[in-house]
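# Remarks on the overall topology
The primary structure of each chain is shown beneath.
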Amino acid sequence: MEILRDLSVSWAMFHVIFLFIMLFRSRYTKKKTILLALTGMGLLMGLNMAGLILFGFDTMGKAFLFTCSIPSFVFFYILSADKKFRFLLTFCLADTTCLWIMAVTNLLDYYLGGGQYVLMFVSRLIAFPLIEYCVYRFLRKPYLELQDTVEKGWGVFACMTVLYYVLLTVINNYPANIVNRPEDTPACILVLILMLFNYATIFSALYRQLLLFRRQQSERALQEQKNYLEAQLDNQQRIRKMKHDMKGHTVTLAGLLSAGKSGEAQEYLKSMEVSMEPVFGEVCANPYINAVLSHYVQKFQELDAELKLDIRIGDEELPYMELCQILSNGLDNACYALKELEKENRSASVQMKYSKDYLIIRIRNRCGKDLHVEKGELPATDKKGREHGFGLPTVREGAKKLGGDMLCYTENGDFVLDVMVRMERLCLTRANS
């Protein structure tokens, strides 16, 4: 009946790969990822099965860490888009889940099935598809969303899963298989139960982070709507004031013209034109983006900060929710950074232009000398004592939603935020709206 044991091991190895693929983010397309995974891991599984036949179950159980776990870790690390702790947590999460099921079914078969491997085979046949259904149904979507949105805090959880992986491997296979060490069975059972509670703690903590991020997103969206409405209200109030003042302007112009001072009247009209520009907030032809920029023009004026605008877009329809979100978060970070600087150093600029198949947004502002961000990195997301970082994951999410990406870095005393979004995705968004 050992054939049933060997078949159940092959079944478990196949499903741990499938479980991992559901949770990790590959650098390649879905089709290429599946092809590479089946090829590479199929070869590794074949070698391990050959070793199982040649050297026996106990020997291969002790060498499992070196014959399967480490090679598969290296293989998937090359394929993964996530590195460091996010990848480590995902890998160990899948492997420890597999080891947990194998340990439980091994004990059940020995104590309830008489060690004939029938109960082991049947229980594993059911358990692995069941856990995969639960992961796909309840865990996969929020976990992938977490990997997209949460940049820090993965290290502690990853180290916990590594320790559990080593602990399960040792307690189940050293110095011999757990069924051959009945005196260690109570300790093994306690470890298996403790692992359930610890993983429940990990998942609940991660889920709370996800809820926190969603709440921050909602607050940001509400703040952007508030900024837009405040800008509109401010414009309306200025327009009412201008209408009230127009009577005085008319009297002045009539007096100049009646006195034959047409040159002075023209100069007066030009000064009126200049004074009316900030009233109507015409910094951009697009009404939604114009409302956001007008709001921040006023905020920068309140800071005694210089804001240069180079907006090379027209009044064409754009996915304004995402673009306004990007601009609001970027300019809000810029305002926060400039508050910490001397007034003579407070300057920023916004550039929006089309370049081939992309819409380019660049927000540049002066920053503190101690701030250093390499390209591809994100500053810390806590604003306490930080100049940037809060809201940048939201900017990245908005850019990716439009088929683009975000890059930030420091350069010559400036903090630079570059966002690129695809024109094709902009057109598609307009068509679907």
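Refer to the structure printed above.
Residues numbered from 1 in each chain as written. Predicted model: local features only at pLDDT ≥ 70, side-chain atom pairs only at ≥ 80, totals over all residues. Heavy atoms only, no water.

Another aspect to go through is helix α2 (residues 30-55). An α-helix turns once per 3.6 residues; consequently, residues spaced three or four apart project the same way. Taking 1.5 Å of rise per residue, 26 residues should cover 38 Å, and α2 covers 36 Å from first to last C-alpha, within 8% of that figure. Where α2 is concerned, the buried positions are T33, A37, M41, L44, M45, N48, M49, G51 and L52. (Helix = DSSP H or I, 4+ residues; strand = E, 2+ residues; numbered from the N terminus. Expected span 1.5 Å × (residues − 1). Buried < 20%, exposed > 50% of the residue type's maximum accessible area, 1.4 Å probe, protein only.)

Another aspect to go through is a nonpolar patch on the surface. Together, F66, I70, V74, I78, V166, V170 and Y174 make up a nonpolar patch on the protein surface, roughly 610 Å² of accessible area in all. At the level of secondary structure, the elements contributing two or more residues to the nonpolar patch comprise α3 (57-79) and α6 (154-173). At four residues, the largest contribution of residues to the nonpolar patch is made by α3. Among the structural elements, I70 can be located in helix α3. On the basis of relative accessibility, which here comes to 40%, the residue I70 falls in the partly exposed class. (Patch = residues over 30% accessible without salt bridge, like charges linked within 9 Å, V, L, I, M, F, W, Y side chains within 5 Å. Areas by Shrake-Rupley, 256 points an atom, 1.4 Å probe, with all protein chains shown as cover. Salt bridge = Lys/Arg side-chain N within 4 Å of Asp/Glu carboxyl O.)

The next subject is the pairing of strand β5 (residues 414-422). Of all nine residues making up β5, seven are buried, and the element is well covered by its neighbours. Two elements, strand β3 (residues 358-366) and β5, share nine bridges in a ladder whose sense is antiparallel. Note on β5: the bridge partner recorded for N365 is F415. In terms of strand pairing, strand β4 (residues 405-411) meets β5 through seven bridges, oriented antiparallel. Within the sheet, the bridge partner assigned to E411 lies in β5 and is D414. If you look at the hairpin formed by β4 and β5, you'll find two residues sitting between the two strands, and N412 has a positive phi there, around 50 degrees. (Pairing = 2+ DSSP bridges.)

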